[in-house]
Amino acid sequence: MSEKTIRSDIKKYFETAKATIKKHLSLARSRIHISYDLWTSPNHKAMMAIVAHWTTEDYEVKSALLVIREVHGEHSGENIANVVYPVMKEYDFDCRFR
């Protein structure tokens, strides 16, 4: 397998998994709650993992890792929001917080 094929396959599997998570989130019986963790990687980059938590249509509590993204600048509320809000929009659940 070539590097290009492997990259293409990984992107395809990721998009399939993302679509599945988006579908589950759209069917949530509860509000979608998020948690995140910030840390500095060994190469000195600020990283954030964002996790969604919700109750399914069968009333089971579920969690899913949505993304791991780099945070630019200090760990301020504004910089964190600049990462979290676009992810909420990407997964189509930002409107549930209004």
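So, a few notes on the structure that sits alongside this text. (Residues numbered from 1 in each chain as written. Predicted model: local features only at pLDDT ≥ 70, side-chain atom pairs only at ≥ 80, totals over all residues. Heavy atoms only, no water.)

Looking only at helices and strands, the protein has 2 helices and 3 strands in total. Along the protein, from the amino end to the carboxyl end, the secondary structure elements read α-β-β-β-α. Overall, the protein is about 40 × 40 × 20 Å in size when its C-alpha atoms are taken along their principal axes. Residues counted as buried form 28% of the 98 residues belonging to the protein. For the protein, restricting intrachain contacts to residue pairs at least 6 apart in sequence, the fraction spanning at least 24 positions comes to 41%. For the protein, the exposed surface amounts to about 7000 Å²; the carbon and sulfur share of it is 54%. Positive and negative side-chain charges in the protein, numbering 15 and 13 respectively, have mean positions lying 5 Å apart. (Helix = DSSP H or I, 4+ residues; strand = E, 2+ residues; numbered from the N terminus. Buried < 20%, exposed > 50% of the residue type's maximum accessible area, 1.4 Å probe, protein only. Contact = heavy atoms within 4.5 Å. Areas by Shrake-Rupley, 256 points an atom, 1.4 Å probe, with all protein chains shown as cover. Lys, Arg positive; Asp, Glu negative; His and termini not counted. Charge placed at Lys NZ, Arg CZ, Asp CG, Glu CD.)

Now for the pattern of salt bridges. Taken as a whole, this structure holds 5 salt bridges when the rule is applied. Linking E60 and K62 is a salt bridge whose minimum nitrogen-to-oxygen distance equals 3.6 Å. When its relative accessible area of 35% is taken as the criterion, K62 is described as partly exposed. Its salt-bridge partner being R69, residue E90 comes within 3.1 Å of it at the nearest N-O pair. One end of the pair, E90, is in helix 2 (residues 77–90); the other, R69, is in strand 3 (residues 61–70), and 21 residues separate them in sequence. Classification of R69 as partly exposed rests on a relative accessible area of 30%. (Salt bridge = Lys/Arg side-chain N within 4 Å of Asp/Glu carboxyl O.)

As a further point, take the nonpolar core. Core analysis: the largest hydrophobic core is formed by 20 residues, its most contacted members being L25, I50, L66 and Y91. Mapped onto this core, the elements with two or more residues apiece are helix 1 (3–26), strand 2 (46–55), strand 3 and helix 2. Apart from residues no more than four positions distant in its own chain, I50 is found in contact with S35, Y36, A64, L65, L66, V67, V83, V84 and V87. (Core = buried A, V, L, I, M, F, W, Y, C linked by side-chain atoms within 4.5 Å.)

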